[in-house]
Amino acid sequence: MTRTNSGVRWVHAVPIAIGLAVGIWMFHAAVPRLITQLTGVDGRFSAERCVWGEPDSDGDRTMTCAGSFTAADGSFTLPGIRIDGVFDERPQAPVAARVSGPEADQAVQMSILTSLAPMGLGLTAFAFPTWALTAAARDILSPARRSAA
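Residues numbered from 1 in each chain as written. Predicted model: local features only at pLDDT ≥ 70, side-chain atom pairs only at ≥ 80, totals over all residues. Heavy atoms only, no water.

S.K.: Would you explain the state of the cysteines in this entry?
M.R.: Such a bond, covalent and formed between the sulfur atoms of two cysteines, is termed a disulfide. Here the structure, examined in full by the defined rule, presents one disulfide. Note that Cys-50 is cross-linked by a disulfide to Cys-65, the S-S spacing being 2.1 Å. Its torsion about the S-S bond being 110°, the disulfide of Cys-50 and Cys-65 is classed as right-handed. With Cys-50 in strand β1 (residues 41–52) and Cys-65 in strand β2 (residues 63–71), this residue pair connects regions lying 15 residues apart in the sequence. (Disulfide = S-S within 2.5 Å. Helix = DSSP H or I, 4+ residues; strand = E, 2+ residues; numbered from the N terminus.)

S.K.: What should I look at first to understand the nonpolar core in this one?
M.R.: A general tendency of soluble globular proteins is for nonpolar side chains to be buried together. Within the largest apolar cluster, 16 residues are counted, with the highest numbers of intra-cluster contacts made by Cys-65, Phe-69 and Val-99. When residues of this core are traced back to their parent elements, those giving at least two are β1, β2, β3 (77–84) and β4 (95–99). Among the elements that line this core, the one with the most residues is β2, at four residues. (Core = buried A, V, L, I, M, F, W, Y, C linked by side-chain atoms within 4.5 Å. Buried < 20%, exposed > 50% of the residue type's maximum accessible area, 1.4 Å probe, protein only.)

S.K.: Which parts of the structure should I look at to understand helix α1 (residues 13–39)?
M.R.: Given 3.6 residues to a turn, an α-helix orients residues that are three or four positions apart in the same direction. When the terminal C-alpha atoms of α1 are compared, their 38 Å separation across 27 residues agrees well with the 39 Å that a helix rising 1.5 Å per residue should span. Among all positions of α1, only Ile-16, Gly-19, Gly-23, Met-26, Ala-30, Arg-33, Leu-34, Thr-36 and Gln-37 are buried. On the buried face of α1, the contacting elements are β3, β4, β5 (106–109) and α2 (113–141). (Expected span 1.5 Å × (residues − 1). Contact = heavy atoms within 4.5 Å.)

S.K.: Got a minute to help me understand the packing of aromatic side chains in this structure?
M.R.: Each aromatic ring pair is characterised by the separation of its centres together with the angle its planes make. This structure, assessed with the given rule, holds three aromatic pairs. When the ring of Phe-128 is compared with that of Trp-131, the centres are 5.8 Å apart and the planes differ by 35°; the resulting orientation is tilted. Remark: Trp-131 and Phe-128 occur in helix α2; sequence separation between them is three residues, near one turn of the helix. Accessibility expressed as a relative area gives 31% for Phe-128, which makes it partly exposed. (Phe/Tyr/Trp six-rings, centres within 6.5 Å; stacked < 30°, edge-to-face > 60°.)

Bear in mind that shape data such as this cannot, by itself, settle questions of function.
Okay, here's the thing in structure tokens:
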């Protein structure tokens, strides 16, 4: 006996929507950061103000910092800029970072993994919606399904 449809029903709309929303949110967070890491302006970030964040699920706390960024070639300095990243303790020395350009409001640390991990989660979140929407479209376009109706 052959199956006439994929089993995708309206009840699957909520998991599909959640998967799409999570995937889009992860890519929205990761792609600009990755672009800055790959094509941004090199420089050094000097922490001036750091605050402890809330403990994570393991009870570990990290710091979020703001400070100044100076381009490697000395062409510009951005005072009062935040850095996208967290620290185990306040950095005593300037750390390598990149910004998108002289008008940036945020620097990013040079760790490609922090961009690729959310993108991997985003791709994983897209897996079920992609399968379900493809299967539903195949059901709608299937000649056997149309002739049975």
